[in-house]
Amino acid sequence: MRKRLLQATLLAVAVTAFVLGIPLVISALKLVEDITRGDLSGRAQQIATRLDEQVAAGEPIELSNVRLVVPDDARLTVRIRDRTYTYGTDPGASPLVETVSMVQSGTVRLAVPSGPVRTQQLQVAGGISLLAVLSAATGGFVAIVTARRLADPLRHVADRATRLGAGDFRPDPKRHGVPELDRVADALDASGAALSQLMQRERELVGDVSHQLRSRLTALQLRLEALAETEDEETSEEAGAALEQAERLSGVLDDLLAAATAARARDAEPLDVSAELSGVAEEWREQFRTQGRTLRLRIEKGLLARATPARLREAMGVLLDNALRHGEGTVSLTAKYGSGTVLVQVADSGSGVPEELVPHVFTRGFSGGGSTGVGLALARALIEADSGRLELSRPATFEIYLPVARADDVLGVPWQSDSTPR
């Protein structure tokens, strides 16, 4: 867009310079010549008047009496009664000539060299051309400023939409002072909040349904096992068949939950967690420094997990922001391989979450520190969307468990989840 704005503005400036500049140059050239000719005509008229006075008084023609009116490089030619009088130097080829008639049947002719006039015309044309170049430069500068003022906000809004599509549902407070773009940003924030709530409700619904069905299936299987052990052969046979169907239903439930987990994690990819976390820490380090606190890293090299970069960055942003706002002292960001997972820990030196708030810390809308209560719930939803887990292991330590990228992931074989996160 910036390139198109620049091209359009420069084209408009070029057309304006062409449409107005060329007539202006022609008019300026003619004006310079007209001024010179007007001066010559005025001088010739003065000479003619003075010579008419001499002739009327019966005096002989004396051109020395009018030499002060004749320009230094001009030639004066006077024709009276078939006699010709000249004064001055030869003006050269193609001079500018002005002729005035006298009352006493004569003419006065002034001729000056055309070189100085042409030089002045070139100077005027050059000045106009310089103004055109300055106008184009000014137009280009205005186009650059305007393109930046419009293109940068559009790029930011487009990036915001991209992050929203990647699972980054946090609101973006940045606005640009352009009403239309600000309305788009407001709509994206509203969409992000709605999608976040939808994801949270989906996760809670899946968890509740899974728990209720498993509980009921377990109870049903126990009853059927008891019936299958009765002495009545017919009852025992029917109970065994029903028990087999219940076990199949339990397997179907497990498959459906695994498929749902795999669908949520379809955007996850083999990710260099070490590099990603280092980049996140670099973004947050200055904020900790301004608060007089330290962000310490202990990240193993070459950690490779299945995760979505935008989701991991956003979840880490929530945890680091939580440590900055509600924690104390040094904040430690640790990453290492665990048992089949990549373990990421964010801990601070504060007292941590009070014991009575621990069961509710990931509940949406619940907050013990005056915040919105959305961040931690959103962070857990983002991590779980990549088949990971986010837990509060100690009062001041949050842990993220990410599935390790397997060899077939790195080689490009599509990944399928074979179990739900526990």
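Structure first, text after, so check above.
For clarity, every value in this text was computed on a predicted model and none was experimentally measured. (Residues numbered from 1 in each chain as written. Predicted model: local features only at pLDDT ≥ 70, side-chain atom pairs only at ≥ 80, totals over all residues. Heavy atoms only, no water.)

With that settled, consider the side chain of Glu-399. By the element assignment, Glu-399 lies in strand β11 (residues 397-403). Engagement of the side chain of Glu-399 in a polar contact is seen with the side chain of Gln-345, the distance being 2.6 Å. Other than its neighbours up to four places away in sequence, Glu-399 contacts Leu-343, Val-344, Gln-345, Arg-389, Leu-390, Glu-391 and Ser-393. (Helix = DSSP H or I, 4+ residues; strand = E, 2+ residues; numbered from the N terminus. Polar contact = N/O pair within 3.5 Å; in protein donor to acceptor, adjacent residues only side chain to side chain. Contact = heavy atoms within 4.5 Å.)

Moving on, we get to the sheet that holds strand β6 (residues 295-299). Strand order across the open sheet formed by 5 strands is β6-β8-β9-β11-β10, with mixed pairing between neighbours. Each end of this open sheet is capped by a strand with a single partner; those strands are β6 and β10 (389-394). Across the sheet, the mean angle separating the axes of adjacent strands is 15 degrees when strand polarity is ignored. Note that strand β9 (residues 341-347) and β11 share 7 bridges and pair antiparallel. Looking at β11, one finds that Thr-341 is bridged to Pro-403. Here helix α5 (residues 273-290) sits on the sheet in contact with β6, β8 (331-337), β9 and β11, set at roughly 170 degrees to β6. Lying on the sheet, helix α6 (residues 309-326) is in contact with β6, β8, β9, β10 and β11; it crosses β11 at an angle near 170 degrees. (Pairing = 2+ DSSP bridges. Axes fitted to C-alpha atoms, helices over the stretch in contact; angles between N-to-C directions.)

It is worth spelling out a nonpolar patch on the surface at this point. Where nonpolar side chains cluster on the molecular surface, the patch consists of Leu-11, Val-15, Phe-18, Val-19, Leu-20, Ile-22 and Ile-26 and spans about 710 Å² of accessible area. By secondary structure assignment, the location of Val-19 is in helix α1 (residues 2-56). (Patch = residues over 30% accessible without salt bridge, like charges linked within 9 Å, V, L, I, M, F, W, Y side chains within 5 Å. Areas by Shrake-Rupley, 256 points an atom, 1.4 Å probe, with all protein chains shown as cover. Salt bridge = Lys/Arg side-chain N within 4 Å of Asp/Glu carboxyl O.)

This next bit is on empty space enclosed by the protein. Across all of its chains, the model carries 2 cavities of 30 Å³ or more by this definition. In this structure, the largest cavity occupies an estimated 70 Å³ of space. Forming the walls of the largest cavity are His-156, Val-157, Arg-160, Asp-172, Lys-174, Arg-175, His-176, Ala-185, Leu-188 and Asp-189. Those elements that place two or more of their residues in the lining of the largest cavity are α2 (115-165) and α3 (179-228). (1 Å grid on protein atoms, 1.4 Å probe; cavity = no way out; pocket = protein on both sides within 12 Å on 5 of 7 lines; lining within 4 Å. Points joined across faces, edges and corners; volume = space filled by probe spheres on them.)

Between α5 and α6, the least distance of the axes is 10 Å, while the angle of their chain directions is 35 degrees. As for how α5 packs across α6, the hand of that crossing is right-handed. Listed contacts from α6 to Val-273, Glu-276, Leu-277, Val-280, Trp-284, Gln-287 and Phe-288 of α5 are Pro-309, Leu-312, Arg-313, Met-316, Gly-317, Leu-320, Asp-321 and Leu-324. Across the contact of α5 with α6, the residue classes tally to 10 nonpolar, 2 polar and 3 charged. (Left-handed = near helix turned anticlockwise from the far one by under 90°. Nonpolar A, V, L, I, M, F, W, Y, C, P; charged D, E, K, R; others polar.)

What follows concerns helix α7 (residues 375-385). For α7, a buried count of 10 out of 11 residues is recorded, marking the element as mostly surrounded by other parts of the structure. Restricting attention to buried positions, one finds in α7 the residues Leu-376, Ala-377, Leu-378, Ala-379, Arg-380, Ala-381, Leu-382, Ile-383, Glu-384 and Ala-385. Immediately downstream of α7, the backbone of Ser-387 shows phi near 65 degrees, a positive value. (Buried < 20%, exposed > 50% of the residue type's maximum accessible area, 1.4 Å probe, protein only.)

Turning our attention to the pattern of salt bridges. For the structure shown, the criterion picks out 13 salt bridges. Here Arg-37 makes a salt bridge to Glu-98, at a shortest N to O gap of 3.2 Å. You can see Arg-37 sitting in helix α1 and its partner Glu-98 sitting in strand β3 (residues 96-102), a full 61 residues away along the chain. Between Asp-189 and Arg-175 there is a salt bridge; the shortest N-O distance is 2.8 Å. Of this pair, Asp-189 sits in helix α3 while Arg-175 sits in the loop between α2 and α3, and the two are 14 residues apart along the sequence. By relative accessible area, Asp-189 is classed as buried at 13%. Three or more residues are tied together by salt bridges with common partners; here these are Glu-33, Arg-37, Glu-98 and Arg-118.

Right, let's get into the packing of aromatic side chains. Here the structure, examined in full by the defined rule, presents 0 aromatic pairs. The positively charged end of Arg-389 is found above the aromatic ring belonging to Tyr-401, 4.3 Å away from the centroid. (Phe/Tyr/Trp six-rings, centres within 6.5 Å; stacked < 30°, edge-to-face > 60°. Lys NZ or Arg CZ within 6 Å of the ring centre and 35° of its normal.)

Our next topic: the sheet that holds strand β2 (residues 83-88). Taken together, the 4 strands give an open sheet; going across it, the order is β2-β1-β4-β3, and neighbouring strands pair in antiparallel fashion. The strands lining the two open edges of the sheet, one partner per strand, are β2 and β3. On average, each strand axis in the sheet is inclined to that of its neighbour by 15 degrees, with strand direction left out of account. The sheet contact formed by β3 and strand β4 (residues 106-112) spans 7 bridges and is antiparallel. Within β4, the position partnered with Val-100 by the bridge is Val-108.

Looking at where Ile-35 falls in the secondary structure, it is placed in helix α1. The exposed category is assigned to Ile-35, whose relative accessible area is 55%. Note: C-alpha distance between Ile-35 and Val-117 (82 residues apart in sequence) is 9.8 Å.

Where α6 contacts α7, the two axes come as close as 9 Å, and the packing angle between them is 150 degrees. As the angle between them shows, α6 and α7 are arranged roughly antiparallel. Every pair of crossing elements has a handedness; the one defined by α6 and α7 is left-handed. In this structure, α6 uses Arg-311, Leu-312, Glu-314, Ala-315, Val-318, Leu-319 and Asn-322 to contact α7, whose residues at the interface are Gly-375, Leu-376, Ala-379, Leu-382, Ile-383 and Ala-385. Partitioned by chemical class, the residues of the contact of α6 with α7 number 9 nonpolar, 2 polar and 2 charged. (Parallel < 35°, antiparallel > 145°, perpendicular 65-115°, else oblique.)

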